[in-house]
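Tertiary structure, described
Take a look at the letters that make up each chain.
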Amino acid sequence: MISLPLASTLPASPESEPLYRQIYERFLSAIAQGSLQPGDRIPSARALAKELGVARGTVELAYALLHAEGYVQPRGQAGTVITPGLLASAVNTPLPPHRAPSTASDTASTSALLPFQMGIPALDAFPRKIWARLGARQLRATHAVDLGYPPENGLPALRSAIATHLHVARGIHCNPAQVFITSGYRESVNLVIQALLTKGDQVWIEDPCYPPTRELTNHAGLVAAAIPVDAEGMDIAYGLEHAPQATAAIVTPAHQSPLSVTLSLTRRQALLEWAAQQQSWIIEDDYDGEYRYVSRPLPALKSLDKHGRVLYAGTFSKVLFPGIRLAYLVVPDALIPTFEHINKIVGNGIPALTQQLVSAFMAEGLFVRHIQRMRKLYAERRTATATGLAKALGPDISIDPQPGGMHLVLRLGDHTSDTLIAQRMREHGMYAHALSHWSTHDTAHSGLLLGFTNIASQEEAERLGHVIRTLL
Ligand SMILES: Cc1ncc(COP(=O)(O)O)c(C=O)c1O
């Protein structure tokens, strides 16, 4: 009989696997590693139980499982042996130890909301009670037919509600068939890439730019042409000069991400004209266009699209909450069949319940009311945060004047590394993005991107500002 590599004490943690399972798995790994060979005799259940200090029944259970799966064969008086002819390579070795899925995520994770976290709406101000009541009503009203696959392009009720909202709030005239429901911005952009672009195509992206946009285009094998951004938004003349043949442009016209400047009307017109002449596509990322504090929200670029070149990507992440994973893409009328076709191939559909709930929220006027409340709250929180930080940090910093958005751009002195300060802030439990990380040209922009939507008061901002001052 072999000497057992199995006979070390078994862990007694109440969370660990049942003991019989641990014994079974030890046998499997011993076979897989070759320390138990086909034909080797294994100890009797009684002997092993004694050695391991467990009940005999526990070992018998493990042996029964090994036998049932063909790893061992009982030979009566001759004991039990590893099945002759068994191939070590064919052994189904135990699963690696249980590991909880990582919650690490950069821009999106809200598992622990940190001060200055970017892009997260004021979660404390979401009308959760109303939402829960509406949700309960939706659940109660669920019929058997609602349990089937939802249409891959989205529920008609939601597509209609979005088309109506866009008309009123963003100046976009579209019909519901142009609205494709997706699970987020990335899915919307991926749909456009799959439907309209080809590997090697050149695409204008803003510099600095929302990192996922750059990552998505790179991953798709598109060639990014980084177009500088100044006080009027993306420098269209630069694009025309350096990459006139590009197939597409991805822009954030309402509040450029991350500088929050607005694309001027003349540049909007120049961009649209280029796209019409070149037969190129414009992807308008209107992630937070509703949040403008100096005037009424400007109409979307899509509202000026006479030639059907603009694909409009909207999201519910900012106007409701990001955990909902709900967004949409509005395509030009002529492209409806193309997108229906591509969605038939790659579209999974979005949970019907979520869509029904959002449709109801919109239909009852709660959506518009919520946006109006948030616009007012964010304007207040923006002022409070800027004032608090300026008070604490004094003339060492400046804050960009921005017409809207959900974060501040805080400029540091010339010789201060934004990467270093962002890292120190993270070490002190705050959240900060270094602007230089969003730029293609590393030295072009230095500053901190600080979300203000969850900073509740000027006092809180000032307190945090004092901590930042010690890090400069
Ligand atoms: C520039 C920009 N575009 C789009 C989005 C929306 O992404 P999603 O719909 O995946 O939440 C965000 C969210 O932070 C963003 O900052």
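Residues numbered from 1 in each chain as written. Predicted model: local features only at pLDDT ≥ 70, side-chain atom pairs only at ≥ 80, totals over all residues. Heavy atoms only, no water.

1. Concerning the overall build of the chain
- Scanning the chain from N- to C-terminus turns up 14 helices and 15 strands.
- What you see for the chain is a C-alpha radius of gyration of 30 Å, clearly larger than the 23 Å of a compact globule of 472 residues, by over 25%.
- Seen through its principal axes, the chain has C-alpha atoms that stretch 95 × 60 × 50 Å.
- Across the chain, every contact between residues at least 6 apart in sequence was considered, and the portion connecting residues at least 24 apart equals 71%. (Helix = DSSP H or I, 4+ residues; strand = E, 2+ residues; numbered from the N terminus. Rg over C-alpha atoms; globule rule 2.2 N^0.38 Å. Contact = heavy atoms within 4.5 Å.)

2. Topic: the packing of aromatic side chains
- Tallied over the full model, the rule gives 15 aromatic pairs.
- Considering the side-chain rings of Phe27 and Tyr63, the 5.5 Å spacing of their centres and the 85 degrees angle between planes classify their relative orientation as edge-to-face. Of this pair, Phe27 sits in helix H1 (residues 19-33) while Tyr63 sits in helix H3 (residues 56-68), and the two are 36 residues apart along the sequence. One exposure class covers both Phe27 and Tyr63, and it is buried.
- Considering the side-chain rings of Trp204 and Trp274, the 4.1 Å spacing of their centres and the 15 degrees angle between planes classify their relative orientation as stacked. Pair noted here: Trp204 is in strand S5 (residues 202-207) and Trp274 is in helix H9 (residues 265-278), with a separation of 70 residues, a long-range link. For the pair shown, Trp204 and Trp274 are each scored as buried.
- Each member of the aromatic cluster is reached from another via a ring pair, and the members are Phe126, Trp131, Phe321 and Phe361.
- Arg309 extends its terminal NZ or CZ atom over the ring of Trp281, reaching a point 3.9 Å from the ring centre.
- Above the face of the Tyr431 ring, Arg426 is positioned so that its terminal group lies 4.9 Å from the ring centre. (Phe/Tyr/Trp six-rings, centres within 6.5 Å; stacked < 30°, edge-to-face > 60°. Buried < 20%, exposed > 50% of the residue type's maximum accessible area, 1.4 Å probe, protein only. Lys NZ or Arg CZ within 6 Å of the ring centre and 35° of its normal.)

3. Let's talk about the site of the ligand
- Lining the immediate environment of the ligand, one finds Gly184, Tyr185, Tyr210, Ser257, Asp285, Tyr287, Thr315, Ser317, Lys318 and Arg325.
- Between Tyr185 and the ligand, the recorded distance is 3.0 Å, taken from a backbone N or O atom to an oxygen atom.
- Tyr210 has a polar side-chain atom sitting 3.5 Å from an oxygen atom of the ligand.
- Protein contacts shield 90% of the accessible area of the ligand, which totals 390 Å² for the unbound molecule.
- Looking at the shell around the ligand residue by residue, the class counts come to three nonpolar, four polar and three charged. (Near = heavy atom within 4 Å. Polar contact = N/O pair within 3.5 Å; in protein donor to acceptor, adjacent residues only side chain to side chain. Areas by Shrake-Rupley, 256 points an atom, 1.4 Å probe, with all protein chains shown as cover. Nonpolar A, V, L, I, M, F, W, Y, C, P; charged D, E, K, R; others polar.)

4. Topic: the sheet that holds strand S13 (residues 407-411)
- Reading across the sheet, the four strands line up as S12-S13-S15-S14 and stay open at both edges, with antiparallel pairing between neighbours. With one partner strand each, in any of the chains shown, strand S12 (398-399) and strand S14 (433-434) form the two edges of the open sheet.
- As defined by bridge partners, S14 adjoins strand S15 (residues 448-451) across two bridges and the pair is classed as antiparallel. Within the sheet, the bridge partner assigned to His433 lies in S15 and is Leu449.
- Against the sheet, helix H12 (residues 366-393) contacts S12, S13 and S15, and its axis sits at roughly 20 degrees relative to S13. (Pairing = 2+ DSSP bridges. Axes fitted to C-alpha atoms, helices over the stretch in contact; angles between N-to-C directions.)

5. Observations regarding the pattern of salt bridges
- Counted under the stated rule, the structure contains 13 salt bridges.
- A salt bridge links Glu60 to Arg56; the shortest N-O distance between them is 3.1 Å. In this pair, Glu60 and Arg56 both sit in helix H3, four residues apart, roughly one turn of the helix.
- On the accessibility criterion, Arg56 (46% relative accessible area) is partly exposed.
- Across the pair Arg170 and Asp286 runs a salt bridge whose closest N-O atoms are separated by 2.8 Å. Here Arg170 is found in helix H5 (residues 156-170), whereas its partner Asp286 is found in the loop between strand S9 (281-285) and strand S10 (310-315), with 116 residues between them in sequence.
- Overall, Arg170 belongs to the buried group, its relative accessible area being 1%.
- Salt bridges here are not isolated pairs; linked through shared partners, they connect Glu17, Arg21 and Glu25. (Salt bridge = Lys/Arg side-chain N within 4 Å of Asp/Glu carboxyl O.)

6. As for the nonpolar core
- Ranked by internal contacts, the top residues of the largest apolar core, which has 60 residues, are Phe316 and Met425.
- Among all residues touching Phe316, those that are not within four sequence positions of it are Ile162, Phe321, Ile324, Leu326, Ala327, Tyr328, Val358, Met362 and Phe367. (Core = buried A, V, L, I, M, F, W, Y, C linked by side-chain atoms within 4.5 Å.)

7. Some words on helix H4 (residues 128-140)
- Taking 1.5 Å per residue as the helical rise, H4 with its 13 residues ought to reach 18 Å, and the 18 Å between its terminal C-alpha atoms agrees with that figure.
- Residues of H4 that are buried include every one of Trp131, Leu134, Gly135 and Gln138, and no others. Projected down its long axis, H4 carries its buried residues within an arc of 105 degrees, all on one side. Turned more than 90 degrees from where H4 packs its buried face, Lys129, Arg133 and Arg140 sit exposed.
- Of the surrounding elements, those touching the buried residues of H4 are helix H11 (352-363) and H12. (Expected span 1.5 Å × (residues − 1). Arc of directions from axis to C-beta.)

8. Side note on the environment of Arg426
- With respect to the helices and strands, the residue Arg426 is situated in helix H13 (residues 418-427).
- Reaching out from Arg426, the side chain makes a polar contact with the backbone oxygen of Ala432 at a distance of 3.2 Å.

9. Some remarks on the environment of Thr213
- Within the secondary structure, Thr213 sits in helix H7 (residues 211-219).
- Of the residues examined, Thr213 reaches a relative accessible area of 4% and is grouped as buried.
- Excluding anything up to four places from it in sequence, Thr213 contacts Tyr185, Ile205 and Ile250.

10. Side note on unusual backbone geometry
- Between Asp207 and Pro208 the backbone carries a cis peptide bond, its omega angle lying at 5 degrees.
- Residue placement: Pro208 occurs in the loop between S5 and H7.
- Here the phi dihedral of Gln279 falls at roughly 55 degrees; this positive angle occurs in a residue that is not glycine.
- On the secondary structure map, Gln279 appears in the loop between H9 and S9.
- Assessed through its relative accessible area of 51%, Gln279 is described here as exposed.

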